[in-house]
Amino acid sequence: MAASNAWISSSTSQSRVSAAKPRARRVLIVDNHPIVREGLRRIIENEDDLLVCAEADTARDARIAVKECNPDAVIADIGLNQGDGIELVRDMRANYSQLPILVLSNHDETIYAERMLSVGATGYIMKQATGEQILLSLRRVLDGDIYVSDDVGFNMIRKSAVRGAQMSSNPIDRLSNRELQILHLIGKGVSTRETAHSLNLSIKTVESHRQRIKYKLSLSTATQLVQYAINWFTGREGDMPEFRSHAADAVNEGS
C-alpha cells in the first residue's frame, strides 16, 4: 500500500480490484479511529460495486484526499484528530457541490442529523448500525438521495409541521451550530486560543460563545462545562450530571 504523509492511499488495492470491478464507485473514509476505518473498508470492499479509494483521520488530510482521490462519496465522522467535522462537511459542500457526504457518528442522531444536513451532509447514520444498514445508506446517497433513519425523518417532518413550536427536551438542541462546534472542541480538550484559530474567530468571541453555552446548558462554572463537554464528546450523554444554575429558568430565551 502506498501512503503519503497527508492521507492513506489505496492505489495498490484499487488497481487490483478495478480489473474485477470496472464500475465500482470510489469511497473516501474519514475517521480518527483506525479500527473503524478498517471495519468500514471490509464492509465496503466486500461489495462488487464499491471500493475504498483512500482513508484520512484529520480534516486537513481529508481535504487533500478528496482533491487527489476524487471519490464518488465520502463517509465522515464528526470527531477527528485535528479539525472539526462540521466545518469539514461545510467546506466539502462549498467546494464539491455534488459530492455525497454520509456522516457516520456515535452522537445522538436526533440532535445531530438535521444539523449535519443543514451544513451539507446528504446522509446521517449511527456507528451502531449494521453493515447492511451502512451499505444501504451509502448507496442511497451515492444515488443522489438523502438518508436518515425513519425516526429522524419523522421528527423532521413533525418539526416542520409545527414550525418549531415545540422545544426539544435535550439541552444540546438549544445550541446553535457554532456553539455545538465549540462544545465539541472543548470536549476534545482544545484550548480557547486553539479554538479561535481553528474557527477563524477572536478569543473574545469564543469566550462569549462559551458563556452562552453555559447559560443554555444551565452550567455555573468552566469546570462543569468541560466535564459536560467531555461526556458529550465521548458519547456518554447518559452520564451527564444534572447541573443547575441561576440560568435554568431562563434557558429557553433567545439564541
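Look up a bit, the structure's there.
Rules and cut-offs
- Residues numbered from 1 in each chain as written.
- Predicted model: local features only at pLDDT ≥ 70, side-chain atom pairs only at ≥ 80, totals over all residues.
- Heavy atoms only, no water.
- Helix = DSSP H or I, 4+ residues; strand = E, 2+ residues; numbered from the N terminus.
- Contact = heavy atoms within 4.5 Å.
- Buried < 20%, exposed > 50% of the residue type's maximum accessible area, 1.4 Å probe, protein only.
- Salt bridge = Lys/Arg side-chain N within 4 Å of Asp/Glu carboxyl O.
- Disulfide = S-S within 2.5 Å.
- Expected span 1.5 Å × (residues − 1).
- Arc of directions from axis to C-beta.

Quick look at the side chain of Glu87
And then number 1: By the secondary structure assignment, Glu87 is in helix α4 (residues 85-95).
And then number 2: Discounting residues that sit within four places of it in the chain, Glu87 has contacts with Arg63, Arg178, Gln181 and Leu199.

Things to note about unusual backbone geometry
Excluding glycine, a negative phi dihedral is what most residues carry, and trans is how most peptide bonds are arranged.
And then number 1: With a phi angle near 50°, Asn70 is a residue other than glycine that sits in the positive phi range.
And then number 2: Residue classification places Asn70 among the exposed residues on the basis of a relative accessible area of 57%.
And then number 3: Positive phi values are uncommon outside glycine, yet Ser218 reaches one of about 60°.
And then number 4: Structurally, Ser218 is set in the loop between α10 (203-216) and α11 (222-233).
And then number 5: By relative accessible area, which is 3% here, Ser218 ends up buried.

Focus on the pattern of salt bridges
And then number 1: Counting across every chain of the model gives 14 salt bridges.
And then number 2: The partner of Arg25 in a salt bridge is Asp143, and the shortest N-O contact between them spans 3.0 Å. Of this pair, Arg25 sits in strand β2 (residues 25-30) while Asp143 sits in the loop between α6 (131-142) and α7 (150-162), placing them 118 residues apart in sequence.
And then number 3: Owing to a relative accessible area of 22%, Arg25 belongs among the partly exposed residues under this scheme.

So, the state of the cysteines
Here a disulfide denotes one covalent bond, and it connects the sulfur atoms of two cysteines.
And then number 1: Within this structure, the stated rule accounts for 1 disulfide.
And then number 2: Sulfur-sulfur distance for the disulfide between Cys53 and Cys69 comes to 2.1 Å. Taken together, the positions of Cys53 in strand β3 (residues 50-56) and Cys69 in helix α3 (residues 59-69) put the pair 16 residues apart, joining distant regions of the chain.
And then number 3: Residue class for Cys69 comes out buried when judged on its relative accessible area of 4%.

Quick look at α6
And then number 1: If you check α6, its first and last C-alpha atoms are 16 Å apart, about what 12 residues at 1.5 Å a residue would give, namely 16 Å.
And then number 2: Residues Ile134, Leu135, Ser137, Leu138, Val141 and Leu142 constitute the buried set of α6. Across the axial projection of α6, the buried residues extend over an arc of 165°, all falling on one side.
And then number 3: In this structure, the buried residues of α6 make contact with β2, α2 (34-45), β3, β4 (73-76), β5 (101-105) and β6 (123-126).

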